[in-house]
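Chain by chain, the residues run as shown.
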Amino acid sequence: MQYLFGDWAKVDKRVLQTKHILLCADFDGTITPIKPRPQQAILGKKTRLLLARLSKNKAFTVAIVTGRSLADIKKKVPVQGLIFAGNHGLEILYKNKKFVYPQAKKIIPLISKLGRALRTKIRSFSGAVLEEKELSLSLHYRLVNLKKLRILRKIFLQLINPYLAQGEIRFTLGKKVWEVRPPIDWDKGRAVLYLVKKLRQKGDSIIYLGDDTTDEDAFRAVNKIGGLSIVVGKRPNSCAKYYLKNTHDAQKFLTQLQLIKS
Ligand SMILES: [Mg+2]
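Residues numbered from 1 in each chain as written. Predicted model: local features only at pLDDT ≥ 70, side-chain atom pairs only at ≥ 80, totals over all residues. Heavy atoms only, no water.

Note on the magnesium ion: its protein donors are Asp26 (OD), Asp28 (O) and Asp211 (OD). The metal-donor distances range over 2.1 Å. Donor residues for the magnesium ion sit on one chain with the sequence pattern D-x1-D-x182-D. Taken together, the residues span a long stretch of sequence, with Asp28 in the loop between strand S2 (20-25) and helix H2 (45-56) and Asp211 in the loop between strand S11 (204-210) and helix H7 (213-224) at a distance of 183 residues. Here Asp28 and Asp211 have matching classes, each one buried. (Donors = N, O, S within 2.8 Å, 3.2 Å for Na, K, Ca; no water. Helix = DSSP H or I, 4+ residues; strand = E, 2+ residues; numbered from the N terminus. Buried < 20%, exposed > 50% of the residue type's maximum accessible area, 1.4 Å probe, protein only.)

Structure follows, in C-alpha cells:
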C-alpha cells in the first residue's frame, strides 16, 4: 500500500484523464474525525463547503457511504445533490428516490426487539452507546472501562447468540463497535457496485475513501473494477491501494480533486 501523495503525479494524471468520477466517501473516521459518541461527530464547515463544490462540479457524482442510518447521515451532511448510502448500503437515497434492499426490511421487528432488550441491559454500563438504526444496530463501547467491557461483551453475545445460531442476523465488528445486521449478502461493496451500474457513463471511474472494516468490502469491489481505493488512517492489512494519514489528509485530497477538475 502506497501513500497517495507519494504517488501524486500518477493519481493526478489519472484524474485529469477521467471524464467523470463517482466519488464515494465514508463519514466517521474518513471525512470527519471519530468522536467518543457518534452523535458528537460533526462535519467541519470546510469539508461541507468542499462537498458542496464537488457536488456541483459536473466531473463528479458524490456519494456518502456509511454505517449510520439514512435519516442520520442526511442530517450530518447537509449538502444538496449528494447520494447517501446508509446502513452500510442497505438504504440508498439517489435523486430523491429511496432504495431499500428488499430482504432487509424483514429484520426491522427483530432489531427493534434486540434494541429494547439492550437498552435495558446497558443502563449500568456508563459510556455504552446504543445506536438503533431500524435495519441494524450498533453498540459503541469506546467509553466503557476495560473491566466492565468483558461483562458487556458477554451480555451482548448472550442476547444475540440464539439469533446468530438461527441465521436470523449477522454480527460484524468495527472501530470500538459491535453491529447486528440482516443476514444478507449486501454490504458497502455491493452498494457501491449498485451505484456504478446506475450511473454508468462513458469515461468514468470510481474513487472510494474509507477507514474501517466495513469499508474493506468497498475497497475490494472498487479494486475489481479498476477504481481507486483509499484507506484513511492506519489499517495494516487493508485491501486499499493507497492510504491517507488522517481525515485532514482526506480533506486535502478532496481539495486537490476539485482543483484538478475546476
Ligand atoms: Mg468510518
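The description of an aromatic ring pair uses the distance of the two centres, along with the angle that the planes make with each other. Inspection of the entire model under this criterion finds 12 aromatic pairs. Both rings, one in Trp186 and one in Tyr194, keep their centres 6.2 Å apart while their planes meet at 75 degrees; by these two values the pair is edge-to-face. Given the relative accessible area of 21%, Tyr194 is considered partly exposed. Here a set of aromatic residues connected by ring pairs shows up, and it is made of Tyr3, Phe5, Trp8, Tyr243 and Phe253. The ring of Phe125 is capped by Lys148, whose NZ or CZ atom sits 5.0 Å from the centre of that ring. (Phe/Tyr/Trp six-rings, centres within 6.5 Å; stacked < 30°, edge-to-face > 60°. Lys NZ or Arg CZ within 6 Å of the ring centre and 35° of its normal.)

What holds strands together in a sheet is hydrogen bonding between their backbones, with the strands either parallel or antiparallel. Strand order in the open sheet formed by four strands is S7-S8-S10-S9, with antiparallel pairing between adjacent strands. The sheet is open, and its two borders are formed by strand S7 (129-132) and strand S9 (170-174), each paired with just one other strand. Each strand of the sheet is rotated relative to its neighbour by a mean of 15 degrees, with strand direction disregarded. Packed on one face of the sheet, helix H4 (residues 108-121) meets S7, strand S8 (137-140) and strand S10 (177-181) and runs near 160 degrees to S7. Set on the sheet, helix H5 (residues 146-165) makes contact with S8, S9 and S10; between it and S10 the angle comes to about 10 degrees. (Pairing = 2+ DSSP bridges. Axes fitted to C-alpha atoms, helices over the stretch in contact; angles between N-to-C directions. Contact = heavy atoms within 4.5 Å.)

As a further point, take the packing of helix H1 (residues 8-17) against helix H8 (residues 247-260). Axis separation between H1 and H8 bottoms out at 10 Å; the angle between their running directions is 45 degrees. Taken as axis vectors, H1 and H8 run oblique relative to one another. Crossing hand, H1 versus H8: right-handed. Across the interface between the two elements, Trp8, Val11, Asp12, Val15 and Leu16 from H1 touch Phe253, Gln256, Leu257 and Ile260 from H8. (Parallel < 35°, antiparallel > 145°, perpendicular 65-115°, else oblique. Left-handed = near helix turned anticlockwise from the far one by under 90°.)

Okay, the side chain of Glu216 next. The residue Glu216 is located in helix H7 in this model. The residues touching Glu216, leaving out its near neighbours within four places in the chain, are Arg235, Ser238, Cys239 and Ala240.

Turning to H4, a few remarks are in order. Compared with an ideal rise of 1.5 Å per residue, which puts 14 residues at 20 Å, H4 spans 20 Å between its outermost C-alpha atoms and is within 8% of the ideal. Listing the buried residues of H4 in full gives Leu110, Ile111, Leu114, Gly115 and Leu118. Angularly, the buried residues of H4 cover 135 degrees about the axis, an arc narrow enough to put them on a single face. Buried positions along H4 lie against S7, S8, H5 and S10. (Expected span 1.5 Å × (residues − 1). Arc of directions from axis to C-beta.)

In this section: the sheet that holds strand S13 (residues 242-244). One open sheet holds the nine strands; their spatial order is S1-S13-S12-S11-S2-S3-S4-S5-S6, and the pairing between them is mixed. At either margin of the open sheet sits one strand with a lone partner, and together these are strand S1 (2-3) and strand S6 (97-100). One ladder, built from five bridges, connects S2 with strand S3 (residues 60-65); its direction is parallel. Looking at S3, one finds that Leu23 is bridged to Val62. Across the sheet, H7 is in contact with S11 and strand S12 (228-232); its angle to S11 comes to roughly 160 degrees.

Another point: the pairing of S12. With five of five residues buried, S12 lies mostly within the body of the structure. By the alternation rule, side chains of S12 split into Leu228, Ile230 and Val232 and Ser229 and Val231, which are all buried. Across four bridges, the pairing between S11 and S12 is parallel. Looking at the pairing, Tyr208 lines up with Ser229 of S12.

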